[in-house]
Amino acid sequence: MIVSRTPFRMSFVGGGSDLPSYYKQMGGAVLSVSIDKYMYVTVNKKFDNDVRLSYSITENESSIQQIKHPVVRNTLELLDIQGGVEITSISDITSQGSGLGSSSSFTVALLHALYAYKGKNVSKEELGRLSSYIEIDLCGDIIGKQDQYAAAFGGLNFIEFNQDDSVTINPVACKFETITKMEESIIVYYTGLTRNASTLLKKQSDNMNQADKRDLMSNMVSLAYDMRGLLENDDVESLGELMDENWRLKRQMAAGISNLQIDSWYNKGIQAGATGGKLLGAGNGGFMMFFAPKEKHANIDKAMKGLRRVPFSFENGGSKIVFSDMKDK
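Every value quoted in this text rests on a predicted model; they were computed, and no experiment measured them. (Residues numbered from 1 in each chain as written. Predicted model: local features only at pLDDT ≥ 70, side-chain atom pairs only at ≥ 80, totals over all residues. Heavy atoms only, no water.)

Asker: Looking at this model, I keep getting lost on the side chain of Asp-263. Mind explaining?
Answerer: Within the secondary structure, Asp-263 sits in helix α10 (residues 260-271). Asp-263 gets classed as buried once you look at its relative accessible area, which sits at 18%. Side chain to side chain, Asp-263 and Ser-258 meet in a polar contact 2.6 Å long. When neighbours within four sequence positions are excluded, Asp-263 is seen to be in contact with Arg-251 and Ser-258. (Helix = DSSP H or I, 4+ residues; strand = E, 2+ residues; numbered from the N terminus. Buried < 20%, exposed > 50% of the residue type's maximum accessible area, 1.4 Å probe, protein only. Polar contact = N/O pair within 3.5 Å; in protein donor to acceptor, adjacent residues only side chain to side chain. Contact = heavy atoms within 4.5 Å.)

See the structure below:
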C-alpha cells in the first residue's frame with residue numbers, strides 16, 4: 001500500500017493571474033502558503049484486475065475507460081496503469097468548493113501516490129507540471145496553475161506564471177519570526193457556502209479580453225510583488241491593507257465573486273478590528289480569512305458569531321509519501 005499526503009493552500013494576493021487567458025499575455029504572480037490541512041490518497045494492489053475508487057462515491061469498474069472520475073481516469077491512462085488497483089481519498093477538511101485548492105491537492109496526491117506505486121520517484125516541479133497538465137489539458141478544466149504547484153512544493157512561496165507557460169517558484173526570503181507573526185495574525189472561518197470554482201473562473205477567464213479587467217488583474221499582480229517586498233523587509237503590519245486592496249479589486253473581476261451576505265461578514269470583520277482579508281479561492285463561498293492583530297481576534301470571533309472558526313498552521317513540506325510497503329511485496 002502507498003499513502004500520500006498533500007497540503008491545501010491559502011492564497012493571499014494575485015489569484016486569477018494564473019489563468020492562461022491572462023498570464024500568456026501579461027505574466028502572472030501569486031503569493032500563497034500551504035497549511036496543515038491535507039488530502040490523503042491511498043493506492044493498493046487489487047486482487048482482481050478491476051479498478052475500485054472510493055471518494056465521495058464508490059466506483060468499481062472493469063477497465064479504466066469506464067471510470068467516471070476524470071482526474072483518476074486520465075491519471076491512470078497517463079501513467080499506463082491498466083487495472084488491478086484500489087484508490088481511496090480522505091480529506092482533513094470539507095473539500096467541495098472550499099477555496100483551499102482541494103481539487104488540485106487531490107490531483108497532486110493521486111499522481112504522487114501512483115508514481116510511488118510504480119516504484120518511481122517524481123520531483124516537486126514535475127508533480128506541479130503534470131497535475132496542471134492533467135486538470136487543464138486532459139480534463140479540460142478552466143482553472144489556473146497556482147494550486148498544483150503550491151500543493152506540490154509546500155511552504156510560503158512567490159509563484160510566477162510566465163508567458164511561455166513555465167512556472168517559477170521562489171520561497172519568500174524572510175525571518176522565521178516574520179512568518180510566525182504572519183501566521184498568528186490570520187484567522188479563518190468556514191462560511192458554510194459552497195460553489196463551483198470552475199464556473200467563476202470561467203467568467204474571470206472570459207473577462208480577460210476586456211481592457212478594464214486586465215488592468216484590475218495587473219494591479220492585483222503588482223500587489224503580489226508588493227507583499228513579497230513587505231515580507232522580505234519583515235513588515236507584517238502592512239499585510240492586511242494589501243489583502244484588503246486585493247479583495248476589493250477581485251470583487252470587480254466577475255459577477256458572483258461576492259454577495260450581500262459575504263460583504264456583510266467581511267465588513268463586520270473589518271469593523272471588529274481586522275486590517276484586511278478575503279474569501280479564499282475563486283469567491284462566493286468556502287472559507288473567509290481575516291488579517292488582524294492577535295488582540296483583535298476575540299472581537300472578530302464575536303462579530304463572526306454563527307461561523308465556524310478553523311484552526312490551522314503553516315506547513316513547509318508539500319506533497320509527501322507518508323507510508324509505503326511496496327518493497328515488502
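Asker: Quick question: what am I supposed to make of the pairing of strand β2 (residues 28-45) here?
Answerer: For a regular strand, side-chain orientation follows a simple rule: the groups alternate between the two sheet faces. Of all 18 residues making up β2, 14 are buried, and the element is well covered by its neighbours. Relative to β2, strand β1 (residues 2-13) is paired through 11 bridges, and the arrangement is antiparallel. Counterpart to Pro-7 in the pairing with β2 is Tyr-38. The sheet contact formed by β2 and strand β6 (residues 156-161) spans 6 bridges and is antiparallel. (Pairing = 2+ DSSP bridges.)

Asker: Explanation requested: the nonpolar core in the structure shown.
Answerer: General note: in soluble globular proteins, nonpolar side chains tend to be found buried as a group. Within the largest apolar cluster, 90 residues are counted, with the highest numbers of intra-cluster contacts made by Phe-12, Leu-76 and Ile-87. The element best represented in this core is helix α3 (residues 102-117), accounting for 10 residues. Among residues more than four places away in sequence, those in contact with Phe-12 are Leu-31, Ser-32, Val-33, Leu-156, Met-182, Ile-186, Met-227, Met-243, Asn-246, Lys-278, Met-289 and Phe-314. Within the second largest apolar cluster, 8 residues are counted, among which are Tyr-149, Ile-159, Phe-161 and Val-167. (Core = buried A, V, L, I, M, F, W, Y, C linked by side-chain atoms within 4.5 Å.)

Asker: Mind showing me how you'd approach the packing of helix α2 (residues 70-78) against α3 here?
Answerer: Orientation of α2 relative to α3, taken along the N-to-C sense of each, is 30 degrees, at an axis distance of 11 Å. If you check the angle between α2 and α3, you find them roughly parallel. Read as a crossing pair, α2 and α3 show a hand that is right-handed. For the pair α2 and α3, contact is made by Val-71, Val-72, Thr-75 and Leu-76 and by Phe-106, Thr-107, Leu-110, Leu-111 and Leu-114, respectively. Residue classes in the contact of α2 with α3 are distributed as 7 nonpolar, 2 polar and no charged. (Axes fitted to C-alpha atoms, helices over the stretch in contact; angles between N-to-C directions. Parallel < 35°, antiparallel > 145°, perpendicular 65-115°, else oblique. Left-handed = near helix turned anticlockwise from the far one by under 90°. Nonpolar A, V, L, I, M, F, W, Y, C, P; charged D, E, K, R; others polar.)

Asker: So what exactly am I meant to see when it comes to helix α4 (residues 124-138) here?
Answerer: Since the α-helix advances by 3.6 residues per turn, residues separated by three or four positions end up pointing in the same direction. Helix length check: α4, at 15 residues, gives a terminal C-alpha distance of 20 Å against a target of 21 Å (1.5 Å per residue), a fit within 8%. Looking only at α4, the buried set comprises Leu-127, Gly-128, Leu-130, Ser-131, Ser-132, Ile-134 and Glu-135. Those residues of α4 that are buried are in contact with α2, α3 and α5 (146-153). Looking one or two residues past α4, Gly-140 carries a phi angle of roughly 75 degrees, positive in sign. (Expected span 1.5 Å × (residues − 1).)

Asker: Before we go on, may I ask you to explain the packing of aromatic side chains in this structure?
Answerer: Here the distance between the centres and the angle between the planes together describe a pair of aromatic rings. Under the criterion given, the structure shown has 9 aromatic pairs. Taking 6.5 Å as the distance between ring centres and 20 degrees as the angle between the ring planes, the aromatic pair formed by Tyr-149 and Phe-153 counts as stacked. One end of the pair, Tyr-149, and the other, Phe-153, are both in helix α5, 4 residues apart, so they sit about a helical turn from each other. Look at Tyr-149 and you get buried, because its relative accessible area is 4%. Geometrically, the ring pair formed by Tyr-190 and Phe-287 is tilted, given 4.9 Å between the ring centres and 40 degrees between the ring planes. (Phe/Tyr/Trp six-rings, centres within 6.5 Å; stacked < 30°, edge-to-face > 60°.)

Asker: In this structure, what is going on with the sheet that holds strand β8 (residues 186-190)? I would like to understand it.
Answerer: Hydrogen bonds along the backbone pair up the strands of a sheet, which may run parallel or antiparallel. The 4 strands are arranged β9-β10-β8-β11 in an open sheet whose pairing can be described as antiparallel. Each end of this open sheet is capped by a strand with a single partner; those strands are β9 (276-279) and β11 (308-309). One ladder, built from 5 bridges, connects β8 with strand β10 (residues 287-291); its direction is antiparallel. The partner of Ile-187 across the bridge, within β10, is Phe-290. Of the strands in this sheet, β9 and β10 touch helix α9 (residues 239-250), which is tilted by about 40 degrees from β9. Docked against the sheet, α10 engages β9 and β10, running at close to 20 degrees with respect to β10.

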